[in-house]
Structures are given as C-alpha cells and as structure tokens.
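Chains, contacts and geometry: an overview
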Amino acid sequence: MSETTQGKTTVSPEVLTTIARLSALGVPGVSRLAPVSGGVNRLFKRGAGDGVRIETEENTVFVDMHLILQENVNIREVSRNAQHQVARAIQEMVGMDVGHVDIHIEDIDYEEVTEA
C-alpha cells in the first residue's frame, strides 16, 4: 500500500469516554467518577453511570466529567489537572480538538472514622 492512501478513521463515543475516564482517574486526588444522570448518554445507555458525558461536533470534542475527589486535596488544582490531562489525552490519542473539559465535583470521599 502506498503511504498516500486516503481513508477515513472514525472513533466511537465509547473510545472517547474511555480515554476521558482513564485520564481523569490517573490524576492524583481523583477518587472515582460519579454517575451522570439524564441526557443523551442515558437515552442510548452510552456512558450512563460512568461519570463522563461526551459530545462531538465536527472534529471537536466537548467533555463533562463528574468527579468524586479524595479528602484533603486542593479542589481547584485537582480540577485543573483533570482538565489538562483529559484534553491532552484526547488530542494526542485521537487527534481531535477539545472544545471544553468541564469538571463537576460531585462529592468528597471521606474515610469513615470508627470509634473504639
């Protein structure tokens, strides 16, 4: 095959969701993802409950992440790191532009204190 072969590559929303989820979970301070309620993802059972909502328009990806953070972290710093990591991963792995990565902090995981 010639190196100039023209073709098209399509990326399913599930792939984008997986990239976003794994990128966010790799950020120090992120405990887990919170379920996403409603929206188009829920209708198609795509991304329901995994903390990520993905929309694409042309070659641009728009991401909403619903995160639960670990206790005693700087929320602003963790959010910015998650935005950066998710955007970078999508741009590098898929080559699509990122319109936004909106971070929604849904909760903090506090360790249960048990009394003796």
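Quantities reported herein were computed from a predicted structural model and do not represent experimental measurements.

1. Structural notes on the confidence of the model for the protein chain
Within the protein chain, residue pLDDT values average 86, and 82% of them lie at 70 or more. Across the protein chain, the element-wise mean pLDDT spans from 48 in helix H2 (residues 39-43) up to 97 in helix H3 (residues 75-94).

2. Here's the deal with unusual backbone geometry
For Glu-58, which is not a glycine, the phi torsion comes out positive at approximately 60°. Its place among the elements puts Glu-58 in the loop between strand S2 (52-57) and strand S3 (60-70). With a relative accessible area of 81%, Glu-58 lands in the exposed category. Phi at Asn-72 is positive, roughly 60°, even though this residue is not glycine. Within the secondary structure, Asn-72 sits in the loop between S3 and H3. Look at Asn-72 and you get exposed, because its relative accessible area is 75%.

3. A closer look at the pairing of S3
Of all 11 residues making up S3, 8 are buried, and the element is well covered by its neighbours. Where strand S1 (residues 30-33) meets S3, 3 bridges bridge the pair, whose relative direction is antiparallel. Bridge pairing in S3 links Leu-33 to Leu-67. Where S2 folds back onto S3 in an antiparallel hairpin, the turn is made up of 2 residues, including Glu-58, whose phi is positive at roughly 60°. As judged from the 11 bridges shared by S3 and strand S4 (residues 97-109), these two strands associate in the parallel manner. By the bridge assignment, His-66 is partnered in S4 with His-104. The β-α-β motif built from S3, the intervening H3 and the parallel element S4 has right-handed crossover chirality.

What counts and how
- Residues numbered from 1 in each chain as written.
- Predicted model: local features only at pLDDT ≥ 70, side-chain atom pairs only at ≥ 80, totals over all residues.
- Heavy atoms only, no water.
- pLDDT = per-residue confidence, 0-100.
- Helix = DSSP H or I, 4+ residues; strand = E, 2+ residues; numbered from the N terminus.
- Buried < 20%, exposed > 50% of the residue type's maximum accessible area, 1.4 Å probe, protein only.
- Pairing = 2+ DSSP bridges.
- Right-handed = clockwise from strand over helix to strand, strands pointing away.

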